[in-house]
Protein chains: 2
Amino acid sequence: MSQPPTDIEALIALMARLPGLGPRSARRAVLHLIRKRGQVMLPLATAMAEVARSVQECGRCGNLSSTPLCPICTDPRREGAEICVVEDIADLWAMERGGSFRGRYHVLGGTLSALDAVGPEDLRIPALVGRINDEGVSEVILALNATVDGQTTAHYIQDALALTGVRISALAQGVPMGGELDFLDDGTISAALKARKIIPGA
Amino acid sequence: MSQPPTDIEALIALMARLPGLGPRSARRAVLHLIRKRGQVMLPLATAMAEVARSVQECGRCGNLSSTPLCPICTDPRREGAEICVVEDIADLWAMERGGSFRGRYHVLGGTLSALDAVGPEDLRIPALVGRINDEGVSEVILALNATVDGQTTAHYIQDALALTGVRISALAQGVPMGGELDFLDDGTISAALKARKIIPGA
Ligand SMILES: [Zn+2]
Ligand SMILES: [Zn+2]
């Protein structure tokens with residue numbers, strides 16, 4: 001019995017590892033690519049290799065960048081006194097699509113998890129504490145997902161920042177329980193940012 | 001307002017053109033790739049470029065191949081007297097997964113369509129007629145999708161082959177109305193092949 005040629009099989013297996021694609025949709029996607037190998041497949045392969053080669057994490061905020069510091073960190077029009085803490089890059093993009101935040105970011109790269117052995121250093125929380133003084137930050141806006149892990153991490157960060165005296169707020173109105181930022185429409189995110197509330201006693 | 005870096009944006013736009021991926025799932029897939037740029041992204045880019053470079057259509061049956069004739073056409077253990085006609089490569093793969101067909105293939109690359117101006121030459125139907133004599137074919141098995149277009153094309157092929165005197169059969173039992181081969185489980189395809197019925201008067 002014959003299967004797809006070995007190199008196509010290998011390609012299908014790699015595609016099937018992408019989130020949202022199973023074996024069948026990976027086969028469909030690969031056939032689609034082969035049909036459009038000039039217009040889509042080669043440009044996609046090139047773009048992928050180029051991004052893999054050039055992409056790096058911003059040394060300050062963890063955003064993706066092709067330079068050591070990202071465009072947001074080096075943009076003088078962004079408000080350095082406000083740092084918005086997000087779990088991952090997708091959430092940073094979602095905040096930016098909202099379009100109303102003018103400060104800078106701190107990308108944790110996940111949430112605290114005893115199960116997966118993710119500790120504060122893995123999330124660059126010590127680096128966040130360091131930024132408060134170094135950059136003259138007056139407010140930290142916690143924009144973590146409204147999940148158990150997200151809120152556990154938010155509480156940990158509140159504690160870690162307590163001694164700095166910085167004002168801490170959190171996205172409030174509009175983020176539904178169990179909701180994830182990247183699923184929300186842009187208006188909801190803007191409203192939640194505008195109605196953010198100071199956390200009492202923090 | 002900042003967006004993903006330009007090269008990442010371009011990659012997301014290309015990924016979003018794959019069947020089954022929208023803008024949001026393309027963003028998720030690209031972030032996943034960037035996180036695993038060593039283990040997944042670079043190998044995927046390389047595999048894609050390699051397939052785009054090497055893949056071609058078998059000059060005889062239309063199967064995908066890295067050689068001018070595909071492994072099925074050159075395998076002496078495959079029965080040259082039986083040709084199974086399928087709409088596209090995904091259907092050939094589905095037949096092969098079924099595992100009970102031991103003959104060779106003819107891949108049409110679509111169905112007849114007045115609307116899309118797809119004619120018999122576009123589907124390599126004249127080449128199919130030529131193969132009947134050249135290869136000493138005794139039976140043509142029509143394994144087209146049970147859709148209106150698939151069955152219209154099947155009838156056209158029956159007419160085109162009438163003068164050759166070749167026996168024509170069609171997948172019978174197990175293919176549900178409106179069903180597409182690539183969605184069926186392997187056992188159903190095997191059963192349909194086994195119970196194929198001679199088309200009377202053809
Ligand atoms: Zn940055
Ligand atoms: Zn072939």
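All values reported here derive from a predicted model rather than from experimental measurement.

1. Focus: the confidence of the model for chain A
Residue and element names in this part refer to chain A.
Here comes step 1: Per-residue confidence for chain A gives a mean pLDDT of 86, with 88% of residues at or over 70.
Here comes step 2: Least confident of the elements in chain A is strand S7 (residues 197-198), whose mean pLDDT is 66; most confident is strand S4 (residues 103-107), at 96.
Here comes step 3: Across the assembled chains, the prediction reports ipTM 0.76 with pTM 0.73.

2. Quick notes on the coordination of the zinc ion (ligand 1)
Residue and element names in this part refer to chain A.
Here comes step 1: Around the zinc ion (ligand 1), the protein supplies Cys58 (SG), Cys61 (SG), Cys70 (SG) and Cys73 (SG) as donor atoms, at distances of 2.3 to 2.4 Å.
Here comes step 2: The motif formed by the donor residues of the zinc ion (ligand 1), counted along the single chain, is C-x2-C-x8-C-x2-C. Here Cys58 is found in the loop between strand S1 (56-57) and strand S2 (64-65), whereas its partner Cys70 is found in the loop between S2 and helix H4 (71-74), with twelve residues between them in sequence. Assigned by exposure class, Cys58 and Cys70 land together as buried.

3. Points about the relation of the copies chain A and chain B
Here comes step 1: With an axial shift of 0.0 Å and an RMSD of 0.1 Å, the rotation relating chain A to chain B amounts to 179°. Within this description, the copies of the chain are treated as partners about a two-fold rotation axis. Minimal C-alpha separation from the rotation axis in chain A is found for Ala45 of chain A, amounting to 2.3 Å.
Here comes step 2: The share of interface residues of chain A whose copies in chain B are also at the interface is 100%, consistent with both copies meeting through the same surface.

4. A closer look at the layout of surface pockets
Rolled over the atoms, a probe sized like a water molecule indicates the empty space that remains.
Residue and element names in this part refer to chain A.
Here comes step 1: Counted as a void, the largest pocket has a volume near 370 Å³.
Here comes step 2: Residue contributions to the lining of the largest pocket peak at three residues, all from helix H2 (residues 23-35).
Here comes step 3: Looking at the lining of the largest pocket residue by residue, the classes come out as six nonpolar, four polar and seven charged.

About the thresholds
Residues numbered from 1 in each chain as written. Chains lettered and ligands numbered in written order. Predicted model: local features only at pLDDT ≥ 70, side-chain atom pairs only at ≥ 80, totals over all residues. Heavy atoms only, no water. pLDDT = per-residue confidence, 0-100. Helix = DSSP H or I, 4+ residues; strand = E, 2+ residues; numbered from the N terminus. Donors = N, O, S within 2.8 Å, 3.2 Å for Na, K, Ca; no water. Buried < 20%, exposed > 50% of the residue type's maximum accessible area, 1.4 Å probe, protein only. Least-squares fit on C-alpha atoms with pLDDT ≥ 70 in both. Contact = heavy atoms within 4.5 Å. 1 Å grid on protein atoms, 1.4 Å probe; cavity = no way out; pocket = protein on both sides within 12 Å on 5 of 7 lines; lining within 4 Å. Points joined across faces, edges and corners; volume = space filled by probe spheres on them. Nonpolar A, V, L, I, M, F, W, Y, C, P; charged D, E, K, R; others polar.

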